[in-house]
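# Notes for the structure review
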Amino acid sequence: MNRRGEGKIELMAPAGSFESLQAAIDNGADAVYFGVEQLNMRARSSINFTLDDLPEIALRCAAHKVKTYLTLNTIIYDHDLSIIKTLINRVKEAGITAIIASDQAVINYARTAGVEVHISTQLNVTNIETVKFYALFADVMVLSRELSLRQVKKICDAIRDEDVRGPSGELIKIEIFAHGALCMAVSGKCYLSLHTQNSSANRGACVQNCRRTYKVIDLEDGHELEIDNEYIMSPKDLCTLDFLDQVMATGVQVLKIEGRARAPEYVATVIKTYNEAINAYYEGSYTPEKIKGWMEQLATVYNRGFWSGYYLGQQLGEWAEAPGSLATRKKIFIGKGIHYYPKQQAAHFKIETQSVAVGDEILITGPTTGVVETTIASMRVEDQEVDTAGKGADVTIPLATRIRPSDKIYKYVPA
Amino acid sequence: MVIITHQRDKCIGCNYCVELAYERWRMSKKDGKCTLIGGENRKGFYTVKVGDEEFAENKRAAEACPVNIIQVKKI
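Here goes a summary of the coordinates provided. As the structure is a prediction and not an experimental result, all values here were calculated from the model. Starting from 1, residues in each chain are numbered consecutively following that chain's sequence as written. Written order decides the labels, with chains lettered from A and ligands numbered from 1. This being a predicted model, a pLDDT of at least 70 is required before a residue's local features are given, and a value of 80 or more before pairs of side-chain atoms are given or counted; all residues contribute to the totals for chains, interfaces and linings. Each side-chain value is worked out from all heavy atoms of the structure, with water and hydrogens disregarded.

### Examining the overall build of chain A
Put simply, the rule reads: Helix and strand definitions follow DSSP, with helices as H or I runs of at least four residues and strands as E runs of at least two, each counted in order from the N terminus. All radius of gyration figures rest on C-alpha atoms, and the globule criterion is 2.2 Å times the number of residues raised to 0.38. Should any heavy atoms of two residues lie within 4.5 Å, those residues are counted as being in contact. For every accessible area listed, the method is Shrake-Rupley and the probe measures 1.4 Å; residues are considered covered only by the protein chains on display. The charge count treats Lys and Arg as positive and Asp and Glu as negative. His and the chain ends do not count. Here the site of a charge means NZ on Lys, CZ on Arg, CG on Asp, or CD on Glu.
On a plain count of helices and strands, chain A comes out with ten helices and 22 strands. A compact globule built from 415 residues would reach a C-alpha radius of gyration of about 22 Å, and chain A, at 23 Å, matches this within 12%. For chain A, the spread of C-alpha atoms along the principal axes amounts to about 70 × 65 × 50 Å. Nonlocal contacts in chain A, meaning residues at least 24 apart in sequence, comprise 68% of its contacts between residues at least 6 apart. With an accessible surface of roughly 18,400 Å², chain A has 50% of that area assigned to carbon and sulfur atoms. Looking at chain A, you have 45 positive and 51 negative side-chain charges, and the mean spots of the two groups are 4 Å apart.

### Quick notes on the packing of aromatic side chains
Residue and element names in this part refer to chain A. How we decide: Any two of the Phe, Tyr and Trp rings considered here, Trp counted by its six-membered ring, make a pair once their centres fall within 6.5 Å; the pair's planes then place it as stacked at under 30 degrees, edge-to-face at over 60, or tilted in between. Burial here depends on accessible area, computed with a 1.4 Å probe over protein chains only, as a share of the maximum for the residue type. Under 20% is buried, over 50% is exposed, and the range in between is partly exposed. Cation placement over rings: the criterion is NZ of Lys or CZ of Arg within 6 Å of the ring centroid and within 35° of the ring normal.
Under the criterion given, the structure shown has eight aromatic pairs over all chains. Residues F333 and Y410 carry aromatic rings whose centres are separated by 5.8 Å and whose planes lie at 75 degrees to one another, so their mutual orientation is edge-to-face. Of this pair, F333 sits in strand 13 (residues 329-341) while Y410 sits in strand 22 (residues 408-414), and the two are 77 residues apart along the sequence. On the basis of relative accessibility, which here comes to 13%, the residue Y410 falls in the buried class. Of the aromatic side chains, those joined through ring pairs into one cluster are F18, F34 and F49. Positioned over the ring face of Y282 is K8, at 4.9 Å from the centre of the ring.

### Considerations on the packing of helix 3 (residues 81-94) of chain A against helix 4 (residues 104-113) of chain A
Residues and elements named next belong to chain A. Operational definition: For helices, the fitted line uses only the C-alpha atoms of the stretch in contact; every axis is such a line through C-alpha atoms, and the angle between N-to-C directions lies from 0 to 180 degrees. Oblique is the label for any angle not under 35 degrees, not over 145, and not in the 65 to 115 range, which are roughly parallel, roughly antiparallel and roughly perpendicular in turn. A crossing counts as left-handed when the near helix is turned anticlockwise from the far one by less than a right angle, and as right-handed when that turn is clockwise. For this classification, Asp, Glu, Lys and Arg are treated as charged, while Ala, Val, Leu, Ile, Met, Phe, Trp, Tyr, Cys and Pro are nonpolar and the rest, including Gly, are polar.
As a packed pair, helix 3 and helix 4 sit with axes 10 Å apart at the nearest point and diverge in direction by 40 degrees. In this view, helix 3 runs oblique relative to helix 4, as classed from their interaxial angle. As helix 3 runs across helix 4, the sense of the crossing is right-handed. Mapping the contact onto sequence places L81, I84, K85, I88, N89 and K92 in helix 3 and A105, V106, Y109, A110 and A113 in helix 4. Residues belonging to the contact of helix 3 with helix 4 are distributed by class as follows: eight nonpolar, one polar and two charged.

Laid out in structure tokens, this is it:
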């Protein structure tokens, strides 16, 4: 059972920080996934939670009926076995819903400890027999990102037809990646970062050197080969929003959004958009006009350009046109939260750098606040209505949402 | 004399330093991160002074560290 209700698809959000976690909860996620300490696939790029954060994560999510999944899906060595056991025991104590695992040591210990297991993309599940094998240990499995929707549907159908059930006694649930970064390697099994920087992607320390430009040089005569597209190893980002009806029709039950290393407003925008699209699908109002609006929303946050991945049967990848994001706007830090006046519904900020003006689109993020986006309708400095305020100003703006001293305020500018 | 410093909380437990400078590094079974043998903790930075004979292998460990948290300096 998720927030959307039994039998409805589950929208699963990435949470690399408390800001993102709150943004996911507030924008309609049914589940969140996150890593603690070093044993997860974003050990380098995301802040990550600590073991002591687990009870708080479980409590906050349970209050909103949001499920919680801990990623524990790196390669595991002997020296990790003890911390793995500690982690799984703490997951159980804190009441985290399940762990996402790939190494058999993790799967095995979680099963003996009575913790629900989900199969990670690192195990590259591509056929029904593999699903049957892992059904001995896990109730939910993510399929390889390289499958087409036809292949996904075949697996979902076979689970029903052959009555493939997991340890819970329920039919196996199939999860797929719906949105976010793709990797040039099959199911993320890449050694590029390890070979060039000793930094293993499979231990969560990918340095993303595939996102750079490369030349191909003929060593015999020194000629540099011309490559039409410079970013030949950097795929565009996956986006399924504009064919979500086809995705839903396959029978998948969990849509996973990639992005634990992304900013909180990315999580807020992507989750909000997909949440609306899923609900529209169920209500029969998933229309081209709405899709156009949603796609414009998605383009405002970090992206390398969008493509449909391999789901629609493309044989070759589509490659990014830039090393970084093609987002249509970017955020600039301008200050910090000071106080909230609940009666007046006004938020007091200290502007620490740049300036802010009436009409500016602003973003407020914080570990408890999550993500709040709004346009400044009016503002006051020292009890006077003003149009702009500069560095050092104490600004009060009308705001319906509570803010806190731990919050940061940004303004959006065109990228 | 050589000073080795380790910013332990950022360790991802890859095991490279143990392979390259076994006399000075061990993986902790407690938390899966690496421990600098003889290291003294000052606000999360572990430091040890060792003889020049340990410089080369620990320098290799520092260069191999994927998260750049090992420093080896001759003083």
